[in-house]
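# Tertiary structure, described
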Amino acid sequence: MKQVLLYALCAVIGYALGCVSTGVIVSKLYGRIDIRNYGSGNAGMTNVMRTLGWVPSFLTFAGDALKGVLGALIGRWIGGELGMHIGGICAILGHNWPALFRFRGGKGMSTSFGYILVVDWRIALVLLGIQVVVLLISGYMSLASILSACAYVGLVFVFHKSWVATGAAIVTCALALFSHRANMKRLAEGNENRLDSRKITQVSRKMTKALRNRRKKHDQEDADRS
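Residues numbered from 1 in each chain as written. Predicted model: local features only at pLDDT ≥ 70, side-chain atom pairs only at ≥ 80, totals over all residues. Heavy atoms only, no water.

### Section: the overall build of the protein chain
- Within the protein chain, the regular secondary structure consists of 10 helices and zero strands.
- The secondary structure elements of the protein chain, listed N-terminal to C-terminal, are α-α-α-α-α-α-α-α-α-α.
- Computed over its C-alpha atoms, the radius of gyration of the protein chain comes to 19 Å, within 12% of the 17 Å expected for a compact globule of 226 residues.
- By principal-axis analysis of the C-alpha atoms, the protein chain measures approximately 65 × 45 × 30 Å.
- For the protein chain, buried positions account for 46% of its 226 residues.
- Considering only contacts within the protein chain whose residues lie at least 6 apart along the sequence, 66% involve residues at least 24 apart.
- When the 27 basic and 11 acidic side-chain charges of the protein chain are each reduced to a single mean position, those positions are 3 Å apart. (Helix = DSSP H or I, 4+ residues; strand = E, 2+ residues; numbered from the N terminus. Rg over C-alpha atoms; globule rule 2.2 N^0.38 Å. Buried < 20%, exposed > 50% of the residue type's maximum accessible area, 1.4 Å probe, protein only. Contact = heavy atoms within 4.5 Å. Lys, Arg positive; Asp, Glu negative; His and termini not counted. Charge placed at Lys NZ, Arg CZ, Asp CG, Glu CD.)

### Section: the pattern of salt bridges
- Enumeration according to the criterion identifies four salt bridges in this entry.
- Its salt-bridge partner being Lys-67, residue Asp-64 comes within 3.3 Å of it at the nearest N-O pair. One end of the pair is Asp-64 and the other is Lys-67, both in helix H4 (residues 54–96) and three residues apart, which spans about a single turn.
- What makes Asp-64 buried here is its relative accessible area of 1%.
- A salt bridge links Arg-186 to Glu-192, with the shortest nitrogen-to-oxygen separation between them at 2.8 Å. (Salt bridge = Lys/Arg side-chain N within 4 Å of Asp/Glu carboxyl O.)

### Some details on helix H8 (residues 163–179)
- With 17 residues, H8 should reach 24 Å at 1.5 Å per residue; the first-to-last C-alpha distance of 24 Å fits that figure.
- Lining the buried residues of H8 we find H4, helix H5 (109–119), helix H7 (141–159) and helix H9 (181–189). (Expected span 1.5 Å × (residues − 1).)

### Remarks on the environment of Met-1
- Relative to the helices and strands, Met-1 is located in the segment before helix H1 (2–18).
- Once the C-alpha coordinates of Met-1 and Gly-87 are considered, the two residues, 86 residues apart in sequence, prove to be 18 Å apart.

### Description of the environment of Val-12
- For Val-12, the location among the structural elements is in helix H1.
- When its relative accessible area of 53% is taken as the criterion, Val-12 is described as exposed.
- Along the primary structure Val-12 and Gly-71 are separated by 59 residues, whereas in three dimensions their C-alpha atoms are 9.6 Å apart.

### Some remarks on unusual backbone geometry
- Even without a glycine there, the phi angle at Arg-102 is positive, about 55°.
- Mapped onto the fold, Arg-102 is located in the loop between H4 and H5.
- Looking at Arg-102, the relative accessible area reads 74%, which means it is exposed.
- One non-glycine residue, Phe-103, lies in positive phi territory at about 60°.
- Here Phe-103 lies in the loop between H4 and H5.

### Looking at a nonpolar patch on the surface
- On the surface, Leu-117, Trp-121, Leu-125, Leu-128, Val-132 and Leu-136 cluster together into a nonpolar patch covering about 590 Å² of accessible area.
- When residues in the nonpolar patch are grouped by element, the largest group, five residues, is from helix H6 (residues 121–138).
- Position of Val-132 relative to the elements: it lies in helix H6. (Patch = residues over 30% accessible without salt bridge, like charges linked within 9 Å, V, L, I, M, F, W, Y side chains within 5 Å. Areas by Shrake-Rupley, 256 points an atom, 1.4 Å probe, with all protein chains shown as cover.)

### Some thoughts on H6
- Along its 18 residues, H6 runs 26 Å from first to last C-alpha, staying within 8% of the 26 Å computed at 1.5 Å per residue.
- Buried within H6 we find Ile-123, Ala-124, Leu-127, Gln-131, Val-134, Leu-135 and Ser-138. Buried residues of H6, viewed axially, fall in a sector of 105°; they line one side. For H6, the exposed residues lying more than 90 degrees away from the buried face are Trp-121, Arg-122, Leu-136 and Ile-137.
- N-capping of H6 is provided by Asp-120, with a side-chain oxygen placed 3.0 Å from the backbone N of Arg-122.
- In the stretch just after H6, Gly-139 is the one whose phi turns positive, near 85°. (Arc of directions from axis to C-beta. Polar contact = N/O pair within 3.5 Å; in protein donor to acceptor, adjacent residues only side chain to side chain.)

### Digging into the nonpolar core
- In terms of nonpolar packing, the biggest core is built from 24 residues, with Tyr-115, Ile-116, Ile-123, Leu-127, Tyr-152 and Val-156 touching the most fellow members.
- In this structure Val-156 touches Ile-123, Lys-161, Ala-165, Thr-166 and Ala-169, once residues within four positions along its chain are discounted.
- Counting 11 residues, the second-largest nonpolar core is a separate cluster that includes Val-26, Tyr-30, Val-48 and Met-207. (Core = buried A, V, L, I, M, F, W, Y, C linked by side-chain atoms within 4.5 Å.)

Printed below as a string of structure tokens:
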């Protein structure tokens, strides 16, 4: 009974960490918008990248990955190997469906990466490599995410030979596929959007200029008050 309560605690902590939606926070602080009202309506790194540029997307990725890292580390500290998987997966659930933000979150890939870093950093780096290669070849971030999620199951099965780890990998992959179901449909129909680095760079420059103008205006207002 005590162990069950410890696993439940891992789940609650992991979910609570996941509910801290970095994309929403960054978009409101950096761009003064709610990212869920723009682009795909997703609160993840890719939509932030397309809408606000490189720097906000990096901050979003770092914050979302940290949730997965903390969920897994705290889970392992409380409940061992199974607690690690419960904490990490619940962090992904919290990110995808955050109670604090009306259950409108992201697709969980950055948080999954943080969780996988704790499970096995070598596999995490291999998956990152797969993601980058597929993205460079195809231009589709969604396809890169889908293939890396599927590869995770195979890598864990081959190198860990643990039913707990393999089962957790299958759940993680299933969450990724479910969150990308609309993307898979668009890929099949040939309607999926490719990542346009030049357009993102243009958006980045525009946002940087707007941020500088806001700072100048704020400094001028402070000077006028003094």
